[in-house]
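# Survey of secondary and tertiary structure
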Amino acid sequence: MGRTVELETRSYWEDSASVSRYPTLDRDLAVDVVVVGAGITGLTAAYLLKRSGHKVAVIDRRRCGGVDSGLTTAHVTCVTDVNLSELVQHFGRDHAWAAWDAGLAAIERIDRIVRDEEIACEWTWTSGYKHAVGANDDRGTLEEEARLAADLGFDARFVEAVPYFGTPGIEYGGQAKFHPRKYLSALAKLVDGGGSHIFEHTESEEVCDDPLSVKAGGHTLSCGFVVIATHTPLMGKTGMASAIALQTKLYLYTSYVLGGRIAKGAVPEALYWDTADPYHYLRIDPHRDFDYAIFGGKDHKTGQETDTAACYAALEEEARRALPEFEIQHRWSGQVIETNDGLPFIGETSSKQFAATGYAGNGMTFGTLAGMMAHDCATGRKNPWRDLFDPGRTKVRGGTWDYIKENFDYPYYMVRDRFAGPDAKSLRGVKRGEGKIVEIGGKKIAASRNEQGKTTLVSPVCTHMGCLVGWNAAEQTWDCPCHGSRFTPAGKVLSGPAETPLERVPNPAEAE
């Protein structure tokens, strides 16, 4: 079996899916929005804008599908590279909660697009495991991180032994993975046409302010709004001082990846990453006769390592220690951008010019989120995370913020609780006089137990607009946080706007 240094540097995604070709810009055009960059951020923004009735032109200096978006390992996760406790310390509890919740909102958005558009991209819900390198490493930190995440409503629990690796860790439920190239290829097809366009091999040369336009390939794209979705943002019409100030907050790293076959079932299908610094990451994708493993790590600051072949060789040694029968078939590297405070910069950098960068290891989730936020900014919709991720942020640090109360009317919060962890894992977790959201058979149930010990189960989905109810301990009722409907423990409507009772659920454990 040859060493990875003998392999061509080419990602698994490139070899397993194609992207349609699009023309080069050959004329002047007038559109509502110009998007510079055809990766996850640009195509998500363009898709959402077109869906809301806007004409969009997407340009990319290379191929559609993006450079960096095509070099990802596509861990679709809300778990940030920076520990949740560090975000709490730096930004405050509500802001840290909001940062992770933004990742869940992006996951929900991808899930909705995949279902609505029937995109065949291997979209799979899975658990993500953060695990110690050794049996006695980082146990206390992992326990505390799991406790904090669960307290904030995320589906997280400490486990004594992470599957396959056998070391302590955290299981994060409700994470996902997909084939990024298949997903982006489908998004591009949905964007192109009907007055919207995609142009490849078309480089942005200048963003002009009055009137707003983008010069590209000797032609002019006139527009009312510009989205710069180029991984490392172009200056556009931002002043030189502001552009330099943003660049000083960015730290560019190169990360290396190996892909290949392992025996079917050798490692449970999931996402994995360890607590090393820099950390290693792994995803497992099942195929009919084998499983495909993608293993990465050996990050270093871009430009500070000249012997990249040695980086691949070192990563191969680490991969074979973790996966002894790893049949390596692909190798590639990608770039991640970290920021000075651990959160991305997403927002307007000049009037009617939107940019996004600094996704770190959350490219698919923060990239999708940036597309959502670009749409909201261009259309004038209030966005829950605008101030938190603002490129010029200062006021969010350590400040107080009633996160849910301020944003309950944003569409994501109609379904948000469906992506949060349950209050209890079984009916035994519901004490007399209590009500909790319990997970039974993979489904969430609203369970209450009266003072005599009788348990009543109902659907937690409010019959008004589909939000999830919560238990009101003082009134012994199920209350909807979105629009205020209230229900008895048995699900009968106490007050609207809901008119239909919560659906009763058979109790599988009456013996309890």
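I will try to describe carefully the structure that is included in this document. (Residues numbered from 1 in each chain as written. Predicted model: local features only at pLDDT ≥ 70, side-chain atom pairs only at ≥ 80, totals over all residues. Heavy atoms only, no water.)

## Regarding the overall build of the chain
Stated formally: Here a strand is any run of E in DSSP of at least two residues, a helix any run of H or I of at least four, and the numbering for each starts at the N terminus. Throughout, exposure labels follow a simple rule: accessible area from a 1.4 Å probe, protein chains only, divided by the maximum for the residue type, with under 20% read as buried, over 50% as exposed, and the rest as partly exposed. Two residues qualify as a contact provided that any one of their heavy atoms is within 4.5 Å of a heavy atom in the partner residue.
Scanning the chain from N- to C-terminus turns up 11 helices and 26 strands. Burial analysis of the chain (512 residues in total) assigns 54% to the buried set. Taking all contacts inside the chain whose residues are at least 6 apart in sequence as the whole, residues at least 24 apart take part in 67%.

## Remarks on unusual backbone geometry
Residue P211 is bonded to the preceding D210 through a cis peptide linkage, with omega at 0 degrees. Here P211 is to be found in the loop between strand 9 (204-209) and strand 10 (212-216). Cis geometry is found at the peptide bond from D277 to P278, where omega equals 0 degrees. Position of P278 relative to the elements: it lies in the loop between strand 14 (271-274) and strand 15 (281-286). One non-glycine residue with positive phi stands out, namely E122, at about 60 degrees. Position of E122 relative to the elements: it lies in the loop between helix 4 (93-117) and strand 5 (124-131). Assessed through its relative accessible area of 38%, E122 is described here as partly exposed.

## Side note on the sheet that holds strand 23 (residues 470-472)
Backbone-to-backbone hydrogen bonds join strands into a sheet, with any given pair of strands oriented parallel or antiparallel. Defined as follows: The criterion for strand pairing is that DSSP finds at least two bridges linking the strands in question.
Taken in spatial order, the 4 strands of this open sheet run 23-24-25-26, and their pairing is antiparallel. Looking at which strands have only one partner, the edges of the open sheet turn out to be strand 23 and strand 26 (493-495). Looking at chain direction, strand 24 (residues 477-479) and strand 25 (residues 486-487) are connected through 2 bridges and run antiparallel. Counted as the bridge partner of W478 is F487 from strand 25.

## Digging into the packing of aromatic side chains
This is how the line gets drawn: Only the six-membered ring of Trp is used, alongside the rings of Phe and Tyr, when aromatic pairs are assigned; centres must lie within 6.5 Å, and planes under 30 degrees apart are stacked while those over 60 apart are edge-to-face, with the rest tilted. A ring is scored as having a charge over it whenever the NZ atom of a lysine or the CZ atom of an arginine sits within 6 Å of its centre and within 35 degrees of its normal.
For the structure on display, the rule yields 15 aromatic pairs. Geometrically, the ring pair formed by Y164 and F165 is edge-to-face, given 5.2 Å between the ring centres and 90 degrees between the ring planes. A ring pair is formed by F178 and Y183, whose centres lie 5.0 Å apart and whose planes are at 45 degrees; its orientation type is tilted. Residue classification places F178 among the buried residues on the basis of a relative accessible area of 0%. Taken together, the aromatic side chains of W100, F154, Y172 and W273 make up a single cluster linked through ring pairs. Across from the ring centre of F290, 3.8 Å away, lies the NZ or CZ of R261, which sits over that ring. Over the ring of Y312 we find R331; its NZ or CZ atom is 4.3 Å from the centre of that ring.

## Some remarks on the nonpolar core
Spelled out, the test is: The term nonpolar core refers to a set of buried residues drawn from Ala, Val, Leu, Ile, Met, Phe, Trp, Tyr and Cys, joined through side-chain atoms within 4.5 Å.
By size, the foremost hydrophobic cluster in this structure holds 86 residues, and its most contacted members are Y183, L369, W385 and F389. Sequence-distant contacts of F389, that is, excluding residues within four places in its chain, are made with A99, A102, L343, P344, F345, I346, F366, L369 and M373. Of all hydrophobic cores here, the second largest spans 21 residues; its members include L258, I262, F295 and F326.

## Regarding the pattern of salt bridges
Put simply, the test is: Any carboxyl oxygen of Asp or Glu within 4 Å of a side-chain nitrogen of Lys or Arg constitutes a salt bridge here.
Inspection of the entire model under this criterion finds 24 salt bridges. When the shortest N-O distance is used, the salt bridge between E14 and R10 registers 3.9 Å. According to the relative accessible area criterion, E14 is partly exposed, its value standing at 31%. What makes R10 partly exposed here is its relative accessible area of 28%. Measuring nitrogen to oxygen at the nearest pair gives 2.4 Å for the salt bridge that ties D15 to R10. It is possible to trace a salt-bridge network through shared partners that takes in K177, E269, R283 and D285.

## Section: the packing of helix 2 (residues 40-51) against helix 9 (residues 363-379)
The following threshold applies: Between N-to-C directions, angles span 0 to 180 degrees; the directions come from axes that are lines fitted to C-alpha atoms, helices contributing only their stretch in contact. Every angle not falling under 35 degrees, over 145, or within 65 to 115 is termed oblique; those three ranges are roughly parallel, roughly antiparallel and roughly perpendicular. Left-handed describes a crossing whose near helix is turned anticlockwise from the far helix through less than a right angle; right-handed describes the clockwise counterpart. Residues are grouped as follows: nonpolar covers Ala, Val, Leu, Ile, Met, Phe, Trp, Tyr, Cys and Pro; charged covers Asp, Glu, Lys and Arg; every other residue, Gly included, is treated as polar.
Axis separation between helix 2 and helix 9 bottoms out at 8 Å; the angle between their running directions is 40 degrees. As the angle between them shows, helix 2 and helix 9 are arranged oblique. As for how helix 2 packs across helix 9, the hand of that crossing is right-handed. Contacts between helix 2 and helix 9 involve I40, T41, T44, A45, L48 and L49 from the former and G363, M364, G367, T368, A370, G371, M372, A374, H375, A378 and T379 from the latter. Taken together, the residues of the contact of helix 2 with helix 9 break down into 9 nonpolar, 8 polar and no charged.

## Some points on the sheet that holds strand 20 (residues 434-440)
Taken together, 3 strands build an open sheet; the order of strands is 20-21-22 and the sheet is antiparallel. Looking along the sheet, the strands with just one partner apiece sit at the ends: strand 20 and strand 22 (455-458). Put simply, the sheet's adjacent strands are angled 30 degrees from each other on average, direction ignored. Pairing between strand 20 and strand 21 (residues 443-449): 7 bridges, direction antiparallel. Pairing of I440 across the sheet is with K443, part of strand 21.

## Observations concerning helix 2
Applicable threshold: Here the expected length of a helix is defined as 1.5 Å per residue gap, with one fewer gap than residues.
With 12 residues, helix 2 should cover 16 Å at 1.5 Å per step; its first-to-last C-alpha distance of 16 Å lies within 8% of that length. Within helix 2, the full set of buried residues consists of I40, T41, G42, L43, T44, A45, A46, Y47, L48 and L49. At its buried positions, helix 2 is contacted by strand 2 (33-36), strand 3 (56-59), helix 4, helix 6 (180-191), strand 8 (197-199) and helix 9.

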